[in-house]
Amino acid sequence: MQKKQTVAFHTLGCKLNFSETSTISRLMETEGFEKRDFTDLADVYVINTCSVTDNADKECRQLVRRIQRKAPDSFVIITGCYAQLKPKEISMIPGVDLVLGAAEKFNIAHHIASLTKSNDAAKICSCDIEEVTGFNASYSQNDRTRTFLKVQDGCDYNCSFCTIPMARGKSRSDSIANVVKHANDLSADGVKEIVLTGVNLGDFGRGPDGNLKYDEDFPALVKALDEVTGIERYRISSIEPNLLTNELIEWVANSNQFMPHFHIPLQSGSNEILGLMRRRYKRELYAERVQLIKTLMPHASIGVDVIVGFPGETDEHFKETFDFLHSLDISYLHVFTYSERDNTKALEFKPIVPVAIRNERNKTLRNLSYMKLQYFTNLHAGQTRKVLFEAYNKEGMMEGYTDNYIRVTTPYRAEWANQLIDWKL
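Residues numbered from 1 in each chain as written. Predicted model: local features only at pLDDT ≥ 70, side-chain atom pairs only at ≥ 80, totals over all residues. Heavy atoms only, no water.

Enquirer: Which parts of the structure should I look at to understand the packing of helix H12 (residues 315-327) against helix H13 (residues 355-379)?
Expert: When two helices pack together, you describe them by how their axes are tilted relative to each other and by the distance separating the axes. The interhelical angle for the contact between H12 and H13, taken along N-to-C directions, is 10°, at an axis separation of 11 Å. By the angle class used here, H12 and H13 are roughly parallel. In this structure, H12 contributes Asp-315, Phe-318, Phe-322, Leu-325 and His-326 to the contact, and H13 contributes Arg-361, Thr-364, Leu-365, Leu-368 and Lys-372. Class assignment of the residues belonging to the contact of H12 with H13 gives a composition of 5 nonpolar, 2 polar and 3 charged. (Axes fitted to C-alpha atoms, helices over the stretch in contact; angles between N-to-C directions. Helix = DSSP H or I, 4+ residues; strand = E, 2+ residues; numbered from the N terminus. Parallel < 35°, antiparallel > 145°, perpendicular 65-115°, else oblique. Contact = heavy atoms within 4.5 Å. Nonpolar A, V, L, I, M, F, W, Y, C, P; charged D, E, K, R; others polar.)

Shown next, in the form of structure tokens:
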């Protein structure tokens, strides 16, 4: 009997990447591969990459070097956004055997069958991003508690700092019927919470060909999922402020399944910088969205993405951003330091903000985020809220989240895993 080939995965980047890696893993297991932990020895290592920042690129190269030292005879396959954007650059990294672009990432098992180890540059299987069409449904399934379900891919926006449209192609979506089917399947498998993910989630409603579909948009999807039995919680992973409609906010406010938790990218609190970034809103609209959420759901958690050190961002612009964020009733920040990306419009903008100042601004906003989160958490002290506990036993402790995304840690109890528990904060 032939020994099964073993495969190990590592994911860099966003929740969307995690959902896709999980799906690729299941596809390979159906082809006869045996999954191993990335720290173990395996015949094949797959790295699903991100390329939002330069750090993601560097981490990919470091992982390849680590595999080379540990398992020099194993195959190393690189896929994901970095692989689509810079396949030739990756192919020259010693130890890489195969580079798969956006159109081929779900066909890894097929490519491995003809793969041979050589000292030459890695084999590249990629195409121009304009040729990438179709939608590959994906969901993560590491444990039954929380699943990331991909419902949308690609982006038609052209923000001046972003390479994602070049890495993932035009906006396209699954159908509502398919998403509901996946939700029902996950419910039957015991999943209690689904996090809806996509590149530009609020743009849901374009078919696999990128064309708008009649009567299918994100509010319609939300309403359809609300009818699925067994799923206790849904979360919207991230949604652009211009696509977060009043109708959608009101729906979440009145839903028992959709959690009072929003993640809304801002990127800058300065309208001048937002214009340079080619964002499709101004700070005033953002403030309106936050105000409506907190009016209808005072207990709601609101997370914010923000970029510091964008070209042309002066001390005055940064102060605008800081003061704006300080004034908003938000719960936490995800702070990104601007990183130059090839083939983006932002490379033309001046003056360039020194890296030391970028890092200083990042630290300032992370401190603000800490204070915001502490304030938001303390507001709920003494309240009893439902917590969905995860199954992981982390050195005798377990974690869970309230409906409004306050993290709770307590000594591990197996009977609480994947259960909603009333918890006094």
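Right, picking up where we left off after that structure.
Enquirer: Where do I start with the pattern of salt bridges in this structure?
Expert: Between side chains of opposite charge, a pair can form as their charged atoms come close. By the definition in use, this model includes 31 salt bridges. Put simply, Arg-206 and Asp-156 hold a salt bridge, and the shortest N to O gap is 3.6 Å. A residue pair is termed long-range when its members are at least 10 positions apart, and Arg-206 in the loop between strand E11 (193-197) and helix H8 (218-225) and Asp-156 in the loop between strand E9 (152-153) and helix H6 (164-168) qualify at 50 residues. Between Glu-193 and Arg-235 there is a salt bridge, with its nearest N and O atoms 2.9 Å apart. Linking Glu-193 in strand E11 with Arg-235 in strand E12 (residues 233-236), this pair joins segments that are 42 residues apart in sequence. Here Glu-193 and Arg-235 have matching classes, each one buried. Several salt bridges share partner residues, and in doing so they unite Glu-20, Lys-105, Lys-150, Asp-153, Arg-168 and Arg-172 into one network. (Salt bridge = Lys/Arg side-chain N within 4 Å of Asp/Glu carboxyl O. Buried < 20%, exposed > 50% of the residue type's maximum accessible area, 1.4 Å probe, protein only.)

Enquirer: Explain H12 here, please?
Expert: Because the α-helix completes a turn every 3.6 residues, residues three or four places apart line up on one side. Along its 13 residues, H12 runs 18 Å from first to last C-alpha, staying within 8% of the 18 Å computed at 1.5 Å per residue. Buried residues of H12: His-317, Phe-318, Thr-321, Phe-324 and Leu-325, and no others. Down the axis of H12, the buried side of the element spans an arc of 125°, and every buried residue falls inside it. When the buried face of H12 is taken as reference, the exposed residues oriented beyond 90 degrees from it are Asp-315, Glu-316, Lys-319 and Ser-327. Buried residues along H12 sit in contact with strand E13 (261-267), helix H10 (271-277), helix H11 (283-296), strand E14 (301-308), strand E15 (332-337) and H13. (Expected span 1.5 Å × (residues − 1). Arc of directions from axis to C-beta.)

Enquirer: Would you mind going over empty space enclosed by the protein with me for this structure?
Expert: One way to see where empty space is left: roll a probe the size of a water molecule over the atoms. Evaluated as defined, the whole model comprises 1 cavity of 30 Å³ or more. Volume-wise, the largest cavity comes out at about 30 Å³. For the largest cavity, the full set of lining residues is Tyr-234, Arg-235, Ile-236, Val-252, Phe-258, Met-259, His-261 and Phe-262. Contributions of two or more residues to the lining of the largest cavity are made by E12 and E13. Tallied by class, the residues present in the lining of the largest cavity amount to 6 nonpolar, 1 polar and 1 charged. (1 Å grid on protein atoms, 1.4 Å probe; cavity = no way out; pocket = protein on both sides within 12 Å on 5 of 7 lines; lining within 4 Å. Points joined across faces, edges and corners; volume = space filled by probe spheres on them.)

Enquirer: What is the right way to look at the sheet that holds E12 in this model?
Expert: Strand pairing in a sheet takes place through backbone hydrogen bonds and is either antiparallel or parallel in direction. Here we have 4 strands laid out as an open sheet, ordered E7-E8-E11-E12, and mixed in their pairing. Strands with a single pairing partner mark the edges of an open sheet, and in this sheet they are strand E7 (138-139) and E12. Helix H7 (residues 176-188) contacts E7, strand E8 (146-150), E11 and E12 of the sheet and is inclined by roughly 160° relative to E8. (Pairing = 2+ DSSP bridges.)

Enquirer: I keep staring at the packing of aromatic side chains and nothing clicks. Help me out?
Expert: Geometry of an aromatic ring pair is reported as the spacing of the ring centres plus the angle between the planes. Here the structure, examined in full by the defined rule, presents 11 aromatic pairs. In this structure an aromatic cluster arises from ring pairing among Phe-161, Phe-310, Tyr-338 and Phe-349. Just above the ring of Phe-38 sits the side chain of Lys-70; from NZ or CZ to the centre is 5.9 Å. (Phe/Tyr/Trp six-rings, centres within 6.5 Å; stacked < 30°, edge-to-face > 60°. Lys NZ or Arg CZ within 6 Å of the ring centre and 35° of its normal.)

Enquirer: What is the right way to read the nonpolar core from this model?
Expert: A general trend in soluble globular proteins is that nonpolar side chains are found buried together. Residues Ile-194, Leu-196, Phe-218, Leu-225, Ile-293, Leu-325 and Leu-365 are the most contacted members of the largest nonpolar core, which totals 51 residues. Setting aside chain neighbours within four positions, we find Leu-365 in contact with Val-306, Val-308, Phe-318, Phe-322, Leu-325, Leu-333 and Val-335. Counting residues in each nonpolar core, the second largest holds 22 residues, with Val-64, Ile-78, Ile-93 and Ala-122 among its members. (Core = buried A, V, L, I, M, F, W, Y, C linked by side-chain atoms within 4.5 Å.)

Enquirer: What should I look at first to understand the environment of Leu-243 in this one?
Expert: Within the secondary structure layout, Leu-243 lies in the loop between E12 and helix H9 (246-254). When the C-alpha atoms of Leu-243 and Tyr-281 are compared, they prove to be 9.8 Å apart, with 38 residues separating the residues in sequence. Beyond its immediate chain neighbours, meaning those up to four positions away, Leu-243 contacts Tyr-157, Asn-200, Gly-202 and Asp-203.

Enquirer: What am I meant to see in the side chain of Lys-150 here?
Expert: Positionally, Lys-150 belongs in strand E8. Note on Lys-150: relative accessible area 1%, which makes it buried. A polar contact is formed between the side chain of Lys-150 and the side chain of Glu-20, at a distance of 2.7 Å. In this view, Lys-150 contacts Leu-16, Ser-19, Glu-20, Phe-106, Phe-135, Asn-136, Ser-138 and Thr-197; residues no more than four positions away in its chain are not counted. (Polar contact = N/O pair within 3.5 Å; in protein donor to acceptor, adjacent residues only side chain to side chain.)

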